[in-house]
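# Observations on the three-dimensional arrangement
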Amino acid sequence: MSEPGAIEVSAGDVVVLVGTSKGLFALTADAGRTTWTTTGPWFRGEEIYAAALDTRNGRTRLLVGATSGHWGPSVYRSDDLGATWVEPEPDTLRFPEETGAAVDRVWQLKPAPDSANQPDVVYAGVEPAALFRSEDGGVTFSLDRGLWDHEHRPQWQPGGGGLCLHTIIPDPAGGPRMAVAISAAGFYRTLDGRTWEAANSGIKAPFLPEPTPEFGQCVHKVDFHPSQPDTLFLQHHWGVYRSDDYGGTWTEIGADDLPSTFGFPIVADPNRPETAYVLPLEGDFFRCTPDGRLRVYRTADGGKTFEALGNGLPQDNAYLTVLRDAFAADALDPAGLYLGTRTGDVFGSPDAGESWQELARHLPPVLCVKTAVVR
Amino acid sequence: MREDGGRPLSKVVVHLAATLRQHAGGEASVELDVAAEPVTVRAVLDALDRTHPSVGRRLRDEAGAVRRHVNVFVGQDNQRDLDGVDTVVPDGAEVSVMPAVSGG
């Protein structure tokens, strides 16, 4: 078995990192996004739930959260686009000894979006649910004790994927405010960077005795547009929601237009603040695309209406599942959209969902899809 | 056995599964100086953490638990079937670390 070597790209190219249950792949294309090249797999046999290509501060650093079913989790980094990898020794993403906890899986690696003021900050979300912060580009990490010590934590219940902190929303302006989502604890935010509060008001939880509890919601994913950081789009286990006060209150959207309000991912368009995309699945007990058709649903009016987008996506006997981190947009205009299925297909759209093409097939089950534009 | 600062120092050979050897410079086995009396599986794994941290982290999590799909044998016996990490490693016995037959 030969290693795949480095990703071969030039400035302006698009990189789509595809984390699977058996390793990491990279799909690359120029800005036209019509002809794609697949490289990989790196980390053969390991689950890749988290990946990022950090292009801030003059670096081109791949960060990968890999989990071996036998040997546990590791965070690897590469500064030469995958030709060589470094694993910190000893491990630097670990719980302090006094917590008695151990990282089971790295679910998220998120470079801070404020590249001017926080060029070296990287956040990590892990299972059991916890937030870590790196000040050195993902080399070393420290636990966010405010969230770890939250009084709700002993009552958090794991979802089907485990008790995972899967969504991290840093302040795009580099302020202390930030938010996270945890399955199945819900949406939590801090306004001062130290004190965390549950912010799930309005999100229904029909799987709990109290229909709208303070916490315990199974939030699947949250996204937003940087120009409107108070406006959040959220895919819940039951329902799609919008908040205009940074999670202070939530309003359900899409119930009239979507074939199902169950789904995992939600993606905000990088160019149009009122545009977002969801990928409905039939329901809690049949987590496949409805009617055997793979369709992305787009709202261009902030959630008032949704339209189905399926041009180029399989529409016959396509009973597919797309996980929470397996749908992403790139940063170009119009946005490129990319989704990966649990059956190993990757589809991409170069025009904000108007048309789609198959970018890869027969990969292992896709766990995450992350994008970057090479600088 | 010899003495190291007043503590007995034992030599223990640890055999590594093939997939672990890349984290030990390609070696199939390593010889450790273990300063404990009696020598236990825990003391052997602690010694391995010090000399080969990339191997050690793959055998136990940061809370000290042997990973679920890792088997540590003392001679022919799995430590899980004995006294866990408190299992005594007799003088001259060898330790083997193997991945469990599991996975998907």
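Look up a bit, the structure's there.
Our subject in this report is the structure included herewith. (Residues numbered from 1 in each chain as written. Chains lettered and ligands numbered in written order. Predicted model: local features only at pLDDT ≥ 70, side-chain atom pairs only at ≥ 80, totals over all residues. Heavy atoms only, no water.)

### Some words on the overall build of chain A
Put simply, the rule reads: Here a helix means four or more residues in a row that DSSP labels H or I, a strand means two or more in a row labelled E, and each is numbered from the N terminus. When a residue's accessible area, from a 1.4 Å probe over protein chains only, is under 20% of the maximum for its type it is buried; when over 50% it is exposed; and in between it is partly exposed. A contact between two residues is defined here by any heavy atoms of the two lying within 4.5 Å.
Looking only at helices and strands, chain A features 1 helix and 27 strands. In terms of its C-alpha atoms, chain A occupies a principal-axis envelope of roughly 55 × 55 × 40 Å. A total of 375 residues make up chain A; the buried ones form 61% of that total. When contacts within chain A are restricted to residue pairs at least 6 apart in sequence, those whose partners lie at least 24 apart make up 51%.

### Let's talk about the side chain of Q217(A)
Residues and elements named next belong to chain A. So the rule is basically this: Residues adjacent in sequence count toward polar contacts only when both atoms are side-chain atoms; beyond that, a polar contact is any pair of N or O atoms within 3.5 Å, and within protein one must be able to donate a hydrogen and the other to accept it.
The topology assignment puts Q217 in the loop between strand 14 (196-198) and strand 15 (219-224). Q217 sits in the buried class, given a relative accessible area of 0%. Reaching out from Q217, the side chain makes a polar contact with the backbone oxygen of I203 at a distance of 3.0 Å. With sequence-adjacent residues up to four places away left out, Q217 is seen in contact with I182, A184, A185, G186, N200, I203, A205, F207, T212 and H236.

### Some details on the sheet that holds strand 10 (residues 142-143) of chain A
Residue and element names in this part refer to chain A. Keep this limit in mind: In short, DSSP must find at least two bridges between two strands for them to pair.
Across the sheet, 4 strands lie side by side as 7-8-9-10; this open sheet has antiparallel pairing. Strand pairing shows two members of the sheet lacking a second neighbour, strand 7 (105-111) and strand 10, which therefore form its edges. One ladder, built from 2 bridges, connects strand 9 (residues 130-134) with strand 10; its direction is antiparallel. Its bridge partner lying in strand 10, R133 is registered against S142.

### Thoughts on the interface of chain B and chain A
Put simply, the rule reads: For any pair of parts, buried area is found by adding up, for both, the accessible area (1.4 Å probe) each one loses once the two are put together. What makes a salt bridge here is a side-chain nitrogen of Lys or Arg within 4 Å of a carboxyl oxygen of Asp or Glu, nothing more.
Across the boundary between the two partners, chain B contributes 19 residues, which contact 19 residues of chain A. Approximately 1500 Å² of surface area, both sides summed, lies buried where chain B meets chain A, with 48% of it carried by carbon and sulfur atoms. Broken down residue by residue, the surface that chain B buries against chain A is led by R57(B), R58(B) and E62(B), which jointly contribute 47%. Between the two partners, chain B and chain A, sit 3 salt bridges. When the shortest N-O distance is used, the salt bridge between R58(B) and E87(A) registers 2.8 Å. Inspection of the region where chain B meets chain A yields 10 residue pairs in polar contact (both at pLDDT 80 or more). Of all elements in the fold, only helix 2 (53-59) and strand 6 (95-99) of chain B reach the threshold of two or more residues within the side of chain B that touches chain A. Ranked by residues supplied to the side of chain B that touches chain A, first place goes to helix 2 of chain B with 5 residues.

### Regarding the pattern of salt bridges
All names here are of chain A. Going through the model one piece at a time under the given rule, you end up with 32 salt bridges over all chains. R145 serves as the salt-bridge partner of D149, at 3.5 Å between the closest nitrogen and oxygen. A relative accessible area of 48% places D149 in the partly exposed class. A salt bridge links K221 to D325, with the nearest nitrogen and oxygen atoms 2.9 Å apart. Linking K221 in strand 15 with D325 in the loop between strand 22 (307-309) and strand 23 (327-329), this pair joins segments that are 104 residues apart in sequence. The exposure class assigned to K221 is buried, which follows from its relative accessible area of 8%. One salt-bridge network, in which partners are shared between bridges, spans D54, R56, R59 and D120.

### Concerning the packing of aromatic side chains
Residue and element names in this part refer to chain A. Rules: Any two of the Phe, Tyr and Trp rings considered here, Trp counted by its six-membered ring, make a pair once their centres fall within 6.5 Å; the pair's planes then place it as stacked at under 30 degrees, edge-to-face at over 60, or tilted in between.
As enumerated under the stated definition, the model contains 12 aromatic pairs over all chains in all. Measuring from centroid to centroid gives 6.1 Å for F286 and Y319, while their planes differ by 65 degrees, and the two rings are edge-to-face. Remark: Y319 occurs in the loop between strand 22 and strand 23 and F286 occurs in the loop between strand 20 (276-281) and strand 21 (296-299); sequence separation between them is 33 residues. What makes F286 partly exposed here is its relative accessible area of 36%.

### Brief notes about the nonpolar core
Residue and element names in this part refer to chain A. Basically, it comes down to this: By convention a nonpolar core is built from buried Ala, Val, Leu, Ile, Met, Phe, Trp, Tyr and Cys residues, the set being connected through side-chain atoms within 4.5 Å.
By size, the foremost hydrophobic cluster in this structure holds 42 residues, and its most contacted members are V296, F327, L339 and W356. The residues contacting V296, other than those within four sequence positions of it, are Y277, V278, L279, E307, A308, L309, L313, F327, L339 and W356. Core analysis: the second largest hydrophobic core is formed by 32 residues, A112, V219, F224 and L232 among them.

### Let's talk about the pairing of strand 7 of chain A
Residue and element names in this part refer to chain A. Judged by how many residues are buried, strand 7 sits mostly within the fold: 6 of 7 residues are covered. Relative to strand 8 (residues 122-127), strand 7 runs antiparallel, the two being bridged by 6 bridges. The residue of strand 8 that forms the bridge with V106 is V126.

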